Amino acid sequence: MSTDTSSFLLPSRIASLVHAHFDALPTRSKPTIFPDGSREWIPMSGIVAVKGENTPSESLTCISVTSGAKCLSASHIPHCRGLVLHDCHAEILAIRAFNYWLLTECNSVLSREKQLLNGHDTSTTDNEQVPDSPFIQRRKIEEDGDSICASPTKWPPFKLRPDIKIYMYCTCAPCGDASMELCMAAQEDATPWEVSQQEGPLPRTQDAEVPGTETLLDGRAHFSLLGVVRRKPARMDAESTRSKSCSDKLALRQVSSLLSCETSRLVAPTENAYLAGLILPEDEISQVSCDRSFGENGRMQALEGRSWPKDAKFKEGTPGYRFRPFQVLSVPSEKVATLWPFAKANSVPCPATSLEQQGDSSTSGASFKRSRPGNVSAVWVLAPSYYHSSAMTLDTGSKSVPTLCRSKTGLYETIINGVKQGNRASSPGARGASSLSRAKLWALFREIAPASAYQTNISPAESLADASETGSLRVNTVQHHMSNITTYQDFKNSSNLEDHLQIRMQAIGDAKLVLKGWVPNTGDGSWGLDVLVGPKKRKR
């Protein structure tokens, strides 16, 4: 892992693109600037696909833009029923949004294949092929070096195109281990928070040999313990969470890839399904922190050289899980300052100070009133490459924001407390659930899965026809595997899934053992998709 400061060209272009998209969002999705001159602050993140990097045809496409800094307390999780977002930190929303976009991109390609097969596509002539997605393609076994005889692994039908790289831009350093030195340097009083014992002792992980890791550490707890898993602390006087820090979640993604449990059933984990680079303002980068948190010689170095499936010999483009450290790239802080008026002011007290103290000028000083934490999260996602009519009715908000910086909108939402604006997290329902929620993403996958036919090395026509008559490789459909699954927990951990999903679970499990002190945020998995069925209207 390296921090590149020699050239700001690509990082600056990516940052400018993400900021331009955020600037074009409606006011309701942005932090508030108050009449007295005070304003809210919020972190913002974006994911950008770079196609043909370092070539004359290089192009950048903004996939998602998100903002946010809130997460739910541990006691709230069992009441979510898959309808409330647990973690609304900007980086985590951006990754969820990226996976939402990948699902819709797969769906659009499959819809075009079906239109062509049925003769309903009027946009192409009889001699034309289905237009390629600029981002994804169907896998071909011979291209991926996957031998039917030599390998029992049946990887998913799609993969990202080999000339695509994925970058994430953030306006501030990820919370947790990658920002510990920055946090220490910013404090007048560097006394760490005490570890909260209100939850009682939490289970150790197998390799958690660091003292004090029986309990998830708050963001400022025990500065002397570095390289360990931390939770998002909110304020010191707030109820505890079990949401792991963004540093920890990004570190885990260096093994599991950016693909979620839904998209990993449709898109293969090739090298470019991992983050290529994390882009930050230069004053938000601590070289020591980033090397420790994300580097190949840092806290995850025990995974260097390992692969899942075990002992697999990967060549370029072959699916499989490995520890793939990303670059940390910088943007000049002066440039970010001109682009981002919603940064957290240096004079703002640390999160350990309560909101009442922050707003009281008699105790904290008038300068502390210049910035307040915002509670609104913005979500914008690029539209899929091809329009398709879905049998599923989704309230995506795209009609209110049809285009953004000449980019077609696939999803636009404003989130407060984990649900869409105007709804209550305390009484979640399908109407208020974000399209990025567990229930909505699972439902979207279920809508797409039957069409995918879960086949590789076949033509578009064969993918929708009866492959048993063509002699092509036939793999059972995802729908078959999903038929006996009734809860989200079963969906994530079913023993009836194809081999590659078991491999993914093993890779994640091994990574969590290396990340010291990983405690699962359980309690929101024992529900089915009936949570999206609204109550019947009463007869008058």
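Before any of the text, the structure's been laid out above.
Model, not experiment: these values are computed from the prediction. (Residues numbered from 1 in each chain as written. Predicted model: local features only at pLDDT ≥ 70, side-chain atom pairs only at ≥ 80, totals over all residues. Heavy atoms only, no water.)

Looking now at the overall build of the protein. Scanning the protein for helices and strands turns up 13 helices and 16 strands. Put simply, the protein has 540 residues, and 54% of those count as buried. Put simply, 75% of the contacts in the protein that link residues at least 6 apart link residues at least 24 apart. Put simply, the protein shows about 23800 Å² of open surface, and 49% of that area lies on carbon and sulfur atoms. (Helix = DSSP H or I, 4+ residues; strand = E, 2+ residues; numbered from the N terminus. Buried < 20%, exposed > 50% of the residue type's maximum accessible area, 1.4 Å probe, protein only. Contact = heavy atoms within 4.5 Å. Areas by Shrake-Rupley, 256 points an atom, 1.4 Å probe, with all protein chains shown as cover.)

Turning our attention to the packing of aromatic side chains. Within the structure shown, the criterion is met by 12 aromatic pairs. Aromatic pair Phe98 and Trp101: ring centres 5.9 Å apart, planes at 35 degrees, arrangement tilted. Placement of the pair is Phe98 and Trp101 together in helix H2 (residues 90–118), with a separation of 3 residues, close to one helical turn. Ring centres 6.0 Å apart and planes at 40 degrees place the aromatic pair Tyr488 and Phe491 in the tilted group. Placement of the pair is Tyr488 and Phe491 together in helix H12 (residues 488–493), with a separation of 3 residues, close to one helical turn. For Phe491, a relative accessible area of 0% corresponds to the buried category. Taken together through their ring pairs, the aromatic side chains of Trp442, Phe445, Tyr488, Phe491 and Trp527 make up a single cluster. The ring of Phe491 has Arg265 lying over it, and the distance from NZ or CZ to the ring centre is 4.1 Å. (Phe/Tyr/Trp six-rings, centres within 6.5 Å; stacked < 30°, edge-to-face > 60°. Lys NZ or Arg CZ within 6 Å of the ring centre and 35° of its normal.)

A separate point is the pairing of strand S4 (residues 59–67). For S4, the tally of buried residues reaches 7 of 9 residues, placing the bulk of the element in the interior. Bridge count for strand S3 (residues 44–51) against S4 is 8 bridges, and the pairing is antiparallel. By the bridge assignment for S4, Val50 is matched with Leu60. (Pairing = 2+ DSSP bridges.)

Attention now moves to the pattern of salt bridges. Should their charged atoms come close, side chains of opposite charge can pair. In this structure the tally under the stated criterion is 12 salt bridges. The salt bridge involving Glu113 is made with Arg138; its shortest N-O contact spans 3.1 Å. Of this pair, Glu113 sits in helix H2 while Arg138 sits in strand S5 (residues 136–138); the two residues are 25 residues apart in sequence, bridging distant segments of the chain. Overall, Glu113 belongs to the buried group, its relative accessible area being 4%. For the salt bridge of Arg299 with Asp248, the shortest nitrogen-to-oxygen distance reads 2.8 Å. Highlighted residues: Arg299 in the loop between helix H5 (287–294) and strand S9 (307–308) and Asp248 in helix H4 (residues 246–256), separated in sequence by 51 residues. Both residues of the pair, Arg299 and Asp248, belong to the buried class. If you follow the salt bridges from partner to partner, you end up with Asp177, Glu181, Asp248, Arg292 and Arg299 in one network. (Salt bridge = Lys/Arg side-chain N within 4 Å of Asp/Glu carboxyl O.)

On to the environment of Ser385. By secondary structure assignment, the location of Ser385 is in the loop between strand S13 (376–382) and strand S14 (403–404). It is 9.9 Å that separates the C-alpha atoms of Ser385 and Asn107, two residues lying 278 residues apart in sequence. Excluding anything up to four places from it in sequence, Ser385 contacts Glu105, Ser108, Ser133, Pro134 and Phe135. Side chain to side chain, Ser385 and Glu105 meet in a polar contact 2.5 Å long. (Polar contact = N/O pair within 3.5 Å; in protein donor to acceptor, adjacent residues only side chain to side chain.)

With 107 residues, the main nonpolar core has Ile14 and Met168 as its most contacted residues. Looking at which element gives the most residues to this core, the answer is H2, with 12 residues. Of all hydrophobic cores here, the second largest spans 6 residues; its members include Ile77, Cys80, Val84 and Val419. (Core = buried A, V, L, I, M, F, W, Y, C linked by side-chain atoms within 4.5 Å.)

Let us look at H2. The terminal C-alpha atoms of H2, which comprises 29 residues, lie 42 Å apart, in line with the 42 Å expected from a rise of 1.5 Å per residue. With respect to burial, H2 is a largely interior element, 23 of its 29 residues being buried. (Expected span 1.5 Å × (residues − 1).)

By the element assignment, Glu40 lies in strand S2 (residues 39–41). In this structure, Glu40 is in contact with Pro31, Thr32, Phe34, Phe342, Ser371, Arg372, Pro373 and Gly374, ignoring residues within four places of it in sequence.

In the contact formed by H2 and H4, the axes pass within 9 Å of each other and the chain directions differ by 35 degrees. For the pair H2 and H4, the contacting residues are Glu91, Ile92 and Ile95 in the first and Cys246, Lys249, Leu250 and Arg253 in the second. Its residues assigned to classes, the contact of H2 with H4 comprises 4 nonpolar, no polar and 3 charged. (Axes fitted to C-alpha atoms, helices over the stretch in contact; angles between N-to-C directions. Nonpolar A, V, L, I, M, F, W, Y, C, P; charged D, E, K, R; others polar.)

Among the secondary structure elements, Ser111 is positioned in helix H2. Of the residues examined, Ser111 reaches a relative accessible area of 17% and is grouped as buried. Along the backbone, Ser111 and Tyr387 are 276 residues apart, and their C-alpha atoms lie at a distance of 8.7 Å.

Before going further, it helps to spend a moment on the side chain of Ser257. Locating Ser257 in the fold gives a position in the loop between H4 and strand S8 (275–281). Separated by 3.1 Å, the side chain of Ser257 and the backbone nitrogen of Leu259 make a polar contact. Setting aside residues up to four positions removed in sequence, Ser257 forms contacts with Ala273, Tyr274 and Tyr321.

Take unusual backbone geometry next. In this chain, Trp308 is followed by Pro309 through a cis amide linkage whose omega measures 10 degrees. Relative to the elements of secondary structure, Pro309 occurs in the loop between S9 and strand S10 (321–322). For Arg81, which is not glycine, the phi torsion reads 55 degrees and is therefore positive. The topology assignment puts Arg81 in the loop between S4 and H2. Look at Arg81 and you get partly exposed, because its relative accessible area is 37%.

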